[in-house]
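The lines below spell out each chain.
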Amino acid sequence: MTTTVPRPASRLRTRREPQPAKTASRPRRQTGRHLMLGGIALLWLVPLLWAMYTSLRPYSDTAKHGYLSWPHSLGFDNFTDAWDQSGMPHFFWNSVLITVPSVLFTLLFSSAVAFFVSRFDFRWNIVLLMLFTAGNLLPAQVLITPLYRLYLLVPLPQWMSDSLLLYNSAWGIIAIHIAYQSGFCTFVLSNYMKTIPKEISEAALVDGAPVWRQFFQIILPLCRPAFAALATLESIWIYNDFFWPLALIESGDKRPVTSALANLQGAYFTNPNLIAAGALMTAIPTLLVYFALQRQFISGLTIGSGKG
């Protein structure tokens, strides 16, 4: 009778040979990736750095030696002149009166629609969401003619508009921003609310909480990262908008700060250094909003990615 001797377990295992080629190529790929990202970041910073460099030079220096020359003097005179000549404090206040209500009402209205679409199941659920999202597919230039005629027909009381119309009033700009931005915010917030377990709402319903209490005290606090990300984006978009105030506001003193740069241009002479300084000052509020909500904005970049 023959007995078979079992082979050692070490011989039965297949050993994987080290692959030095792949491990050695990882640092190279990471270095190449960092160089590419650094180059892209530098490419995006070139216009900003060039505007800052131009704003610090007096016009006499650039007119004599050119914009590509080495600066002979640097200073902040262009910033003070742009602040005084354009009347920026007044136009900054106009931008605040337009941007803050537009962002707040857009987020409130969009969150209500998103809550209804994402937390309740009914027949026209997807159709309603598509209806709100489809408004962002139309360019603003297509809507301006019927919207202009509509604004001339909508009356407002004296305390809301000096022209007694929706045209040439801040309320008209706020209304079009809310209508135009609600589709995007509804789409993002509905996807984020779908990631919240429905058991939370069911437990609140069992405890006797009505729908409005579930919305304000349960769902909205859980959507704080989404609100921070959308508030940052909407503040920048609405603040930097130039088309709607130009088309729907006739009086120059009612327009936002983006229109104040036009006051720095003369009929026969334009100082690019002065305009560069004014453009940099108008960008300061958007930077402050971003830095204030930076942590929440970064955490909310992937909102709604868990569920479709």
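Residues numbered from 1 in each chain as written. Predicted model: local features only at pLDDT ≥ 70, side-chain atom pairs only at ≥ 80, totals over all residues. Heavy atoms only, no water.

Along the protein, the regular secondary structure elements total 15 helices and 0 strands. Relative to its full complement of 308 residues, the protein shows a buried share of 35%. Within the protein, residue pairs in contact and separated by at least 24 positions form 71% of the contacts whose partners lie at least 6 positions apart. For the protein, the exposed area adds up to about 19800 Å²; of that, 67% sits on carbon and sulfur atoms. (Helix = DSSP H or I, 4+ residues; strand = E, 2+ residues; numbered from the N terminus. Buried < 20%, exposed > 50% of the residue type's maximum accessible area, 1.4 Å probe, protein only. Contact = heavy atoms within 4.5 Å. Areas by Shrake-Rupley, 256 points an atom, 1.4 Å probe, with all protein chains shown as cover.)

Scanning the model with the defined rule gives 2 salt bridges in all. Salt-bridge contacts for Arg57 lead to Asp61; the nearest nitrogen and oxygen are separated by 3.4 Å. For Arg57, a relative accessible area of 0% corresponds to the buried category. For Asp61, a relative accessible area of 6% puts it in the buried group. (Salt bridge = Lys/Arg side-chain N within 4 Å of Asp/Glu carboxyl O.)

What follows deals with the layout of surface pockets. Here the largest pocket is characterised by a volume of approximately 390 Å³. Around the largest pocket sit 19 residues that line it, and Thr99, Val100, Val103, Ser235 and Val289 are the ones nearest its centre. Those elements that provide at least two residues to the lining of the largest pocket are α5 (88–119), α11 (224–239) and α14 (284–292). Top element by residues in the lining of the largest pocket is α5. It accounts for 10 residues. Residues belonging to the lining of the largest pocket are distributed by class as follows: 14 nonpolar, 5 polar and no charged. As a volume, the second largest pocket reaches approximately 320 Å³. (1 Å grid on protein atoms, 1.4 Å probe; cavity = no way out; pocket = protein on both sides within 12 Å on 5 of 7 lines; lining within 4 Å. Points joined across faces, edges and corners; volume = space filled by probe spheres on them. Nonpolar A, V, L, I, M, F, W, Y, C, P; charged D, E, K, R; others polar.)

Let's shift gears to helix α4 (residues 77–85). Turning to α4, its buried residues are Asn78, Phe79 and Ala82. Down the axis of α4, the buried set is contained in an arc of 100°. They therefore lie on one face. Opposite the buried face of α4, by more than 90 degrees, sit the exposed residues Asp77 and Asp84. Just downstream of α4, Gly87 is the residue with a positive phi angle, here 65°. (Arc of directions from axis to C-beta.)

Model confidence for the protein is summarised by a mean pLDDT of 83, while 87% of its residues fall at 70 or above. Across the protein, element-level confidence peaks in α5 with a mean pLDDT of 92 and bottoms out in helix α1 (residues 9–12) with 50. Contacts of residues 304–308 to residues separated by more than four positions or lying in other chains number 7 contacts, the stretch itself having pLDDT below 50. (pLDDT = per-residue confidence, 0-100.)

Attention now moves to the packing of aromatic side chains. Both the distance between ring centres and the angle between the ring planes are used here to describe each pair of aromatic rings. In total, this model carries 12 aromatic pairs according to the counting rule given. Centroid distance Trp83 to Phe92: 6.0 Å. Interplanar angle 35°. Geometry classified as tilted. Overall, Phe92 belongs to the buried group, its relative accessible area being 15%. The structure contains a cluster of three or more aromatic residues connected by ring pairs, namely Phe115, Phe116, Phe120, Phe215 and Phe216. (Phe/Tyr/Trp six-rings, centres within 6.5 Å; stacked < 30°, edge-to-face > 60°.)

With that settled, consider the environment of Phe92. Along the polypeptide, Phe92 turns up in helix α5. For the pair Phe92 and Pro256, spaced 164 residues apart in the sequence, the C-alpha separation amounts to 6.6 Å. Those residues in contact with Phe92, other than ones at most four positions away along the chain, are Trp83, Tyr239, Val257, Met281, Thr282 and Pro285.

With that out of the way, let us pick up empty space enclosed by the protein. Leftover empty space is mapped by rolling, across the atoms, a probe with the size of a water molecule. Enumeration over the complete set of coordinates arrives at 1 cavity of 30 Å³ or more. There is about 50 Å³ of room inside the largest cavity. Considering the residues around the largest cavity, the lining is formed by Ser95, Ile98, Thr99, Ile173, His177, Ile238, Tyr239, Asp241, Pro245 and Pro256. Broken down by secondary-structure element, the contributors of at least two residues to the lining of the largest cavity are α5, α8 (170–194) and α11.

With that settled, the discussion passes to the environment of Thr54. Within the fold, Thr54 resides in helix α2 (residues 20–55). Measuring from C-alpha to C-alpha, the distance between Thr54 and Ala277 comes to 8.0 Å, with 223 residues separating the pair along the chain. Engagement of the side chain of Thr54 in a polar contact is seen with the backbone oxygen of Trp50, the distance being 2.8 Å. (Polar contact = N/O pair within 3.5 Å; in protein donor to acceptor, adjacent residues only side chain to side chain.)

Let's shift gears to the side chain of Thr258. Mapping Thr258 onto the fold places it in the loop between α12 (243–248) and α13 (272–282). We classify Thr258 as buried; its relative accessible area is 16%. A polar side-chain atom of Thr258 sits 3.2 Å from the main-chain carbonyl oxygen of Asp241. Not counting residues up to four positions away in its chain, the partners in contact with Thr258 are Tyr239, Asn240, Asp241 and Phe242.

The next subject is the nonpolar core. Ranked by size, the top nonpolar core spans 22 residues in total, and within it Leu107, Leu189, Met193, Ile219, Cys223, Phe227 and Leu230 carry the most contacts. Within the residue set of this core, elements represented by two or more residues are α5, α8, α10 (211–222) and α11. (Core = buried A, V, L, I, M, F, W, Y, C linked by side-chain atoms within 4.5 Å.)

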